[in-house]
Amino acid sequence: MSFRNPVKVLLLSILSGFILLSSAFGWEESQDIAYRLKWLANTSTVGDLYADARGMFAENGLKVLVKPGGPERDAIKELELGRAQFGVASADQIIRALSKGAKIYVLAQIFQVNPLQWIYRPDKSPLDKPADLKGKIVGITYGGIDENIMKALLSKYRISESDLTLYSVRYDFTPFYQRKVDLWPIYRNAQGPIIGNKIRDAGEKIDYFDPDAHGIHTVANSVITSEEVLNHHPQMAARFMSALIKGWELSMDPVNAEKAVQTIRQFDRDTDEDIIREQLALTRQFVKPRKDVPFGRIDVPAWKQTEEMMVAQKLILRPIGIDKYLKQAK
Amino acid sequence: MLHKRIYQFLIVYAVGLSVLFLVKYGLNLSDYVIPPPKEVWITGQKYWLEYLREVLDTLSVAVFGHILSILLAAVVAVIGRLTNWVGSFIKMGAYNIQSYPIVAVAPIIFILFGDGIAARLLITVMICYFPLLLSFIGIFSEPVYHIEHFYTATHRLTWGLSLRIRVFENIAKLVTVISGSATVAMVGTIVAEFIAADDGIGYRIRIALYQSDLSKILTALFLIGICTSLYLLSLEYIGLRIRKRPGISAGSFS
Amino acid sequence: MHIDLEKLSFGHADSDTRVFEEFSHRIEGPGFNALFGPSGVGKTTLARIIAGEMNGFSGKVASSGLSRILYTYNLERLPDWSGIGEHFKAVTPTSQTGFLNELTRIFGLDPYLESRYAQLSLGQQNRANLTRYLVQDFDVLIMDESLANVDEGTKKDIILLVKKRFPDRLFLYISHNVVEVSRYCKNILVVRRPDKSPQILTVSGFDDMGEQEPERETLERIMLEMMNAS
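Cut-offs used in this document
- Residues numbered from 1 in each chain as written.
- Chains lettered and ligands numbered in written order.
- Predicted model: local features only at pLDDT ≥ 70, side-chain atom pairs only at ≥ 80, totals over all residues.
- Heavy atoms only, no water.
- Helix = DSSP H or I, 4+ residues; strand = E, 2+ residues; numbered from the N terminus.
- Rg over C-alpha atoms; globule rule 2.2 N^0.38 Å.
- Buried < 20%, exposed > 50% of the residue type's maximum accessible area, 1.4 Å probe, protein only.
- Contact = heavy atoms within 4.5 Å.
- Areas by Shrake-Rupley, 256 points an atom, 1.4 Å probe, with all protein chains shown as cover.
- Lys, Arg positive; Asp, Glu negative; His and termini not counted.
- Charge placed at Lys NZ, Arg CZ, Asp CG, Glu CD.
- Pairing = 2+ DSSP bridges.
- Axes fitted to C-alpha atoms, helices over the stretch in contact; angles between N-to-C directions.
- Buried area = accessible area lost by both parts, 1.4 Å probe.
- Polar contact = N/O pair within 3.5 Å; in protein donor to acceptor, adjacent residues only side chain to side chain.
- Expected span 1.5 Å × (residues − 1).
- Salt bridge = Lys/Arg side-chain N within 4 Å of Asp/Glu carboxyl O.
- Parallel < 35°, antiparallel > 145°, perpendicular 65-115°, else oblique.
- Left-handed = near helix turned anticlockwise from the far one by under 90°.

This part covers the overall build of chain C. Within chain C, the secondary structure is distributed over seven helices and nine strands. The C-alpha atoms of chain C give 18 Å as radius of gyration, which agrees with the globular expectation for 230 residues (17 Å, within 12%). Structurally, chain C occupies a C-alpha span of about 50 × 45 × 30 Å along its principal axes. Here chain C holds 230 residues, and the buried ones make up 55% of them. The contacts in chain C between residues at least 6 apart in sequence include a share of 69% that link residues at least 24 apart. A total of about 10,300 Å² of accessible surface is found on chain C, and carbon and sulfur atoms cover 46% of it. Of the side chains in chain C, 26 bear a positive and 32 a negative charge, and the two mean positions are spaced by 1 Å.

With that settled, consider the side chain of Asn189 of chain A. Considering the arrangement of structural elements, one finds Asn189 of chain A in the loop between β8 (183–187) and α8 (192–201). Filtering out sequence-adjacent residues up to four positions away, Asn189 of chain A remains in contact with Ser44, Phe111, Pro115, Gln279, Leu282, Thr283 and Phe286 of chain A.

What follows concerns the sheet that holds strand β4 (residues 58–64) of chain C. All names here are of chain C. The three strands are arranged β2-β1-β4 in an open sheet whose pairing can be described as antiparallel. Two strands bound the open sheet, and with one partner strand each, they are β2 (18–28) and β4. Each strand axis lies, on average, 10 degrees off the axis of its neighbour in the sheet, ignoring direction. As defined by bridge partners, strand β1 (residues 2–11) adjoins β2 across seven bridges and the pair is classed as antiparallel. Residue Asp4 lies in a different strand from β2, and its bridge partner there is Arg26. The strands touched by helix α1 (residues 43–50) are β1, β2 and β4; relative to β1, the strand with the most contacts, the crossing angle is about 125 degrees.

All names here are of chain C. Pairing is mixed across the open sheet formed by six strands, whose spatial order is β5-β6-β7-β3-β8-β9. The open sheet has two edge strands with one neighbour each: β5 (69–73) and β9 (200–204). Strand-to-strand twist across the sheet, computed as the mean angle between neighbouring axes with direction ignored, equals 20 degrees. Bridge count for strand β8 (residues 187–191) against β9 is five bridges, and the pairing is antiparallel. Across the sheet, Asn187 pairs through a bridge with Ser204, a residue of β9.

Let us now look at the interface of chain B and chain C. At the interface, 18 residues of chain B touch 21 residues of chain C. Across the chain B/chain C interface, buried area totals approximately 1,800 Å², and carbon plus sulfur atoms make up 56% of it. For chain B, the biggest contributors to the area lost against chain C are His146, His149 and Phe150 of chain B; these three give 32% of the whole. Scanning the region where chain B abuts chain C turns up 10 residue pairs in polar contact (both at pLDDT 80 or more).

What follows deals with helix α5 (residues 152–165) of chain C. Between its first and last C-alpha, α5 of chain C extends 20 Å over 14 residues, near the 20 Å set by a 1.5 Å rise per residue. In this structure, the buried side of α5 of chain C is in contact with β3 (31–36), α3 (97–106), α4 (122–134), β7 (170–174) and α6 (178–184) of chain C.

Before going further, it helps to examine the pattern of salt bridges. Opposite charge on two side chains permits pairing when their charged atoms draw close. Inspection of every chain in the model, using the stated rule, returns 39 salt bridges over all chains. Note that Asp57 of chain B and Arg120 of chain B form a salt bridge whose closest N and O atoms lie 3.4 Å from each other. Of this pair, Asp57 of chain B sits in helix α2 (residues 37–80) while Arg120 of chain B is found in helix α5 (residues 117–140), placing the two residues 63 residues apart along the sequence. On the accessibility criterion, Arg120 of chain B (4% relative accessible area) is buried. Between Glu180 of chain C and Lys155 of chain C there is a salt bridge whose closest N-O contact spans 2.7 Å. Taken together, the residues span a long stretch of sequence, with Glu180 of chain C in helix α6 and Lys155 of chain C in helix α5 at a distance of 25 residues. The pair formed by Glu180 of chain C and Lys155 of chain C is uniform in burial state, with each residue classed as buried. Shared partners join several salt bridges into a network, and the residues in it are Glu258, Arg265, Glu273, Asp274 and Arg277 of chain A.

Further remarks concern the environment of Ala213 of chain A. Tracing the sequence through the fold places Ala213 of chain A in the loop between β9 (207–209) and β10 (221–226). Sequence separation between Ala213 of chain A and Val113 of chain A is 100 residues, and the spatial gap between their C-alpha atoms is 9.7 Å.

Here we come to the arrangement of the chains. Counting contacts across all two pairs of chains that touch, the top pair turns out to be chains A and B. What separates chain A from chain C at the closest point of their C-alpha atoms is a distance of 45 Å, and the two make no contact.

Turning our attention to the interface of chain B and chain A. The interface of chain B with chain A comprises 29 residues on the first partner and 29 residues on the second. Across the interface of chain B and chain A, roughly 2,700 Å² is buried in total on both sides, 60% from carbon and sulfur atoms. Inspection of the region where chain B meets chain A yields one salt bridge. Of the charged contacts, one joins Lys100 of chain A and Glu39 of chain B as a salt bridge, the two residues approaching to 3.2 Å between their closest N and O atoms. Connecting chain B to chain A are seven residue pairs in polar contact (both at pLDDT 80 or more). Among the secondary structure elements, those contributing two or more residues to the side of chain B that touches chain A are α1 (2–27), α4 (102–113), α8 (171–196) and α9 (200–210) of chain B.

Glancing now at the packing of helix α10 (residues 234–252) of chain A against helix α12 (residues 273–287) of chain A. Residue and element names in this part refer to chain A. The geometry of α10 relative to α12 is characterised by a closest axis approach of 10 Å and an angle of 125 degrees between their N-to-C directions. One finds that α10 runs oblique with respect to α12. Considering the relative orientation of α10 and α12, their crossing is left-handed. Between α10, through Trp248, Ser251 and Met252, and α12, the contact on the second element is made entirely by Leu280, Thr283, Arg284 and Val287.

A word on helix α13 (residues 300–312) of chain A. In an α-helix, one turn spans 3.6 residues, which is why side chains three or four residues apart end up on the same side. All names here are of chain A. Over its 13 residues, α13 runs 18 Å from end to end, which matches the ideal 18 Å to within 8%, given 1.5 Å per residue. Where α13 is buried, its residues touch α5 (91–99), β4 (104–109), α6 (145–156) and β10. In the segment just after α13, Lys314 is the residue with positive phi, at about 60 degrees.

Read these as layout, nothing more, since geometry by itself doesn't imply function.
What follows is the structure, given as structure tokens:
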């Protein structure tokens, strides 16, 4: 075989790279299980950390590597590429991926109520009803779920986008601190105690605008897995979910509050214990709003509303029938 | 030269795209992970004009930021040559600022400059100027002994004259360093827009990333590649013109 | 006028090689003198020590009545951002303008005043470089290979002009050309290796002032003395 032809050499190199790459994928049950979170280890992931640190996975005979997420991490892609077997993704991410043929299933819905709310200063920007948004400067993350939620809310209450000013937000809260923006999107349970307390400490009053209270029921973080895992390793998936549910149930039980706080502290050394306690209490309201609501209950109507919202906003071209992909874990 | 540069970019882009599609179909990945060629094509057709405007917006900031970086690096390098306290203080400050990650400095930049054009420019300059500074310091502080000797011996060598000699003698190196840093300026502006702006292609990439829309990102990358190639070409052309000016001897390029 | 070199010692920092070992010598002026010797013996080092352009030696360089010592060498360049004429004007004191014009004429540089330094031939470059030194205010001028690549006729014109124009100054001319050194120089300081003592021997040259052609035998005798000394 001659290697003088550069095109042949290039094709061969690509092919070899491709073979090497594919051999890196694929997952065997004997290997560790990777669980990719949506965000960094914090109170919003308390049940995941609790199951890991307190040996629930090990009790079920599983060796699980819990991997923190971040803005550039995408659990769905990692599932498809075989780099993770379970993951956490937001509902909009999941619906978007399903609309593009991703082979994934939802096993549990972590938050029963979406903790995404808008923080505001009631003295400066009084806000009793959605119509009061008119004339305000409202922060949204373009491309993020908060953009979709706010637009759905505006549409529901027939408020035109021209009646208010949308302000593009990112990680940094400075424009809100500087009072350049009236409402800023925030994860009520995780960011609320930190940001809210900071503003309160500065002598200002704060409040939160909750779209869920105004009829926009959307889904936030949910546990997902791939079709491959569900079809070929159903027992392992069941053991994983049973351990995870146990971890969440125990961590949400007020009796175990201190244990939960200490577990979070193992992974998140930067947040004060008092803040974590406050975050934990709030997280409980979103994850287990009532004692009789089991952890992970999939709120099918909320999923359908999220899907309808995305169709209405042309984020997906056509309905995907989300209920087909919801496989409630027991 | 223009055609060659563009062809080279198109080849690199096509090879990259082919590898992506090869991986997609080889591993049977969904359209969410890697979009199909048809989707990339349709997205490209739908967004190219809009994205081109954004890329040109980014490019204009990058060019302006590049010029500012050159000026800043030149000023810092000149002041840094001073042997007194001010010189060493400014040099140390420049090195320190560079060592901070931009994401960490971003809140301070927002407070001081808001999140408009000024913040974009500043971040671009912060990312772009350091490699320039290192080169400038190297060039400005390296004596051209065979030329400077006469002026030193006759007590005529002022700092301005020595700077002029060193710049003139190293003009080819400077042109190469400046052309090379154009790419860094473009990348710096995109990073700035990613973290600190509501305009430009970096901002659009951020949105596309939120939406996991690789088709849009591929469209953006294509346009960024074309525009950056054109900018580099313009700089190389200016460099060529400078080299052809009378008095720029072959010796200046040795 | 004279320059006294007292117990001069010097060695290169990056090697153990000694260039000078505690030697003393008096260089008498005025006149067109030479520093002569084989390559690597330390002529340039000595010239730069005398001109005050080098540190790291021990001993002393003392001079009487010599306040400005200039050193020029053949690798020097003029900046190329303008023609050589413009450079000359910029560095020539007003009182020397007439002399500058005379020099550029005799040195054959008049047609090239608009040219950049890099565009000149090697010989023209050396002449241009020397020109700007000659119009400076100096007591001693050390010319290190300053007339290399200059043709014999022009070289003769230049040296004779310099000798006539500056009879009260001291020149130290460094060249490997035995014939021109023996012919034009007054005192030839033969620099020798540090293991030889004394490290500088003085040979009297013909000191041609352009008045009469030197006899061949005279030059041969001087050259033989130079060779024997080195």
